[in-house]
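For reference, the chains in residue letters:
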Amino acid sequence: MALDEIVITRAIIDRYYQKLTDNLETDVAIVGAGPSGLVAGYYLAGAGKKVALYERKLTIGGGMWGGGMLFNEIVVQSEALPILEEFGIRYRQYQENYYTADGVEAVASLTAGALRAGLTVFNCVTVEDVMMRPESVEGLVINWSPVEMAGLHVDPLTVRAGFVIDATGHDTDIVKVVENKTPGKLNTSTGGILGQKAMWADRAETDTTENTKEIFPGLYVAGMAANASAGGPRMGPIFGGMLLSGQKVAREIIRRLEQTS
Ligand code: 48F
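Right, let's walk through the structure included here. (Residues numbered from 1 in each chain as written. Predicted model: local features only at pLDDT ≥ 70, side-chain atom pairs only at ≥ 80, totals over all residues. Heavy atoms only, no water.)

**Regarding the overall build of the protein**
Line of reasoning, step 1. When you go through the protein residue by residue, the secondary structure sums to nine helices and 13 strands.
Line of reasoning, step 2. Dimensions of the protein, computed from the C-alpha atoms along their principal axes, are close to 55 × 50 × 40 Å.
Line of reasoning, step 3. Counting over 261 residues, the protein shows a buried share of 51%.
Line of reasoning, step 4. The long-range share in the protein, meaning contacts at least 24 apart out of those at least 6 apart in sequence, stands at 67%.
Line of reasoning, step 5. When the accessible surface of the protein is totalled, it reaches about 13200 Å², and 55% of it is carbon and sulfur.
Line of reasoning, step 6. Each charge class in the protein can be summarised by its mean position, and for the 23 positive and 31 negative side chains these summaries are 2 Å apart. (Helix = DSSP H or I, 4+ residues; strand = E, 2+ residues; numbered from the N terminus. Buried < 20%, exposed > 50% of the residue type's maximum accessible area, 1.4 Å probe, protein only. Contact = heavy atoms within 4.5 Å. Areas by Shrake-Rupley, 256 points an atom, 1.4 Å probe, with all protein chains shown as cover. Lys, Arg positive; Asp, Glu negative; His and termini not counted. Charge placed at Lys NZ, Arg CZ, Asp CG, Glu CD.)

Here is the structure:
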């Protein structure tokens, strides 16, 4: 049977349009497709929640592809091994409490697992602002990343969500927007963003899960964004804290959603 370019085009437009309109209102909107955002999406979708993830880049995976300094192996400590196993990511023991996995396999498996659990991913979409009512975050303001990159003067569109997760890593893009609009009101020791501190892997890994919380009504932080907001140290290419943070934020939001339903 001959292939028709217009059918190919129509198929893409129809399907993408459906994906967009189906996700104008969700239980949860995640910003950033690094390890913490993908793991959060996996557990939320697996619990039957409607969840969409917006990623600025064309590629999914954030800082996990390149391991450390482009040596594409990641290190994960014992505590987070059940999450690797859940996604079928193979790992090897290096020494007691230090395990390694291939960074590419890790990203591919987290992505496939999250999508198959029901997460919808919008790549090449930048979140530039939030929707507020008046003192809680209730949605995201989105635009195509190429519009942002080209500096085009084009208005964005808006999506509504019960909860938003800032999983934008070191950028803390969404927390920054909220801090600018409502100074001094973040759930941190100063009410503002404290910024990421110097490398201290052991401390940072614990802090990442502790700092994973609702930082402003309706807005949660996960992964490196949690530490950078609360003034926690950086940890480099050890990823257990990122995975555990994604799992924690999903569990907390599932509990909140089930309380209100
Ligand atoms: O940085 P990233 O991988 O976040 P993470 O889940 O993991 C951090 C680790 O990779 C690593 C580390 C060691 O463990 O510290 O850095 O905290 O991924 C963040 C993603 O968010 C996207 C960005 O392109 C990246 O893929 N992002 C950032 N700002 C925006 C955004 C935005 N405004 N809109 C959409 N996506």
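Read on, since the account is not over.
**Topic: the pairing of strand 9 (residues 157-166)**
Line of reasoning, step 1. One ladder, built from six bridges, connects strand 1 (residues 25-31) with strand 9; its direction is parallel. Counterpart to Ile-30 in the pairing with strand 9 is Ile-165.
Line of reasoning, step 2. With three bridges joining them, strand 9 and strand 12 (residues 219-221) adopt parallel strand pairing. Directly across from Asp-166, in strand 12, lies its bridge partner Val-221. (Pairing = 2+ DSSP bridges.)

**Things to note about the site of the ligand**
Line of reasoning, step 1. Surrounding the ligand, one finds 28 residues, the nearest of these being Ser-36, Glu-55, Gly-63, Asp-173 and Met-224.
Line of reasoning, step 2. Measuring from an oxygen atom of the ligand, one finds a backbone N or O atom of Met-224 at 2.8 Å.
Line of reasoning, step 3. Gly-236 is positioned such that a nitrogen or oxygen atom in its backbone is 3.3 Å from an oxygen atom of the ligand.
Line of reasoning, step 4. Listing elements by their share of the shell around the ligand, those giving two or more residues are helix 2 (35-46), strand 2 (51-55) and strand 7 (125-132).
Line of reasoning, step 5. Top element by residues in the shell around the ligand is strand 7. It accounts for three residues.
Line of reasoning, step 6. In terms of residue class, the shell around the ligand is made up of 12 nonpolar, 11 polar and five charged. (Near = heavy atom within 4 Å. Polar contact = N/O pair within 3.5 Å; in protein donor to acceptor, adjacent residues only side chain to side chain. Nonpolar A, V, L, I, M, F, W, Y, C, P; charged D, E, K, R; others polar.)

**Brief notes about the packing of aromatic side chains**
Line of reasoning, step 1. According to the stated counting rule, one finds seven aromatic pairs in the structure shown.
Line of reasoning, step 2. Where Tyr-42 meets Phe-87, the ring centres are 4.3 Å apart and the plane angle is 50°; that geometry is what we call tilted. Highlighted residues: Tyr-42 in helix 2 and Phe-87 in the loop between helix 3 (81-86) and strand 4 (92-95), separated in sequence by 45 residues. For the pair Tyr-42 and Phe-87, one class covers both residues: buried.
Line of reasoning, step 3. When the centroid spacing of 5.3 Å and the interplanar angle of 10° are considered together, the rings of Tyr-54 and Phe-122 count as stacked. Remark: Phe-122 occurs in strand 6 (residues 120-123) and Tyr-54 occurs in strand 2; sequence separation between them is 68 residues. (Phe/Tyr/Trp six-rings, centres within 6.5 Å; stacked < 30°, edge-to-face > 60°.)

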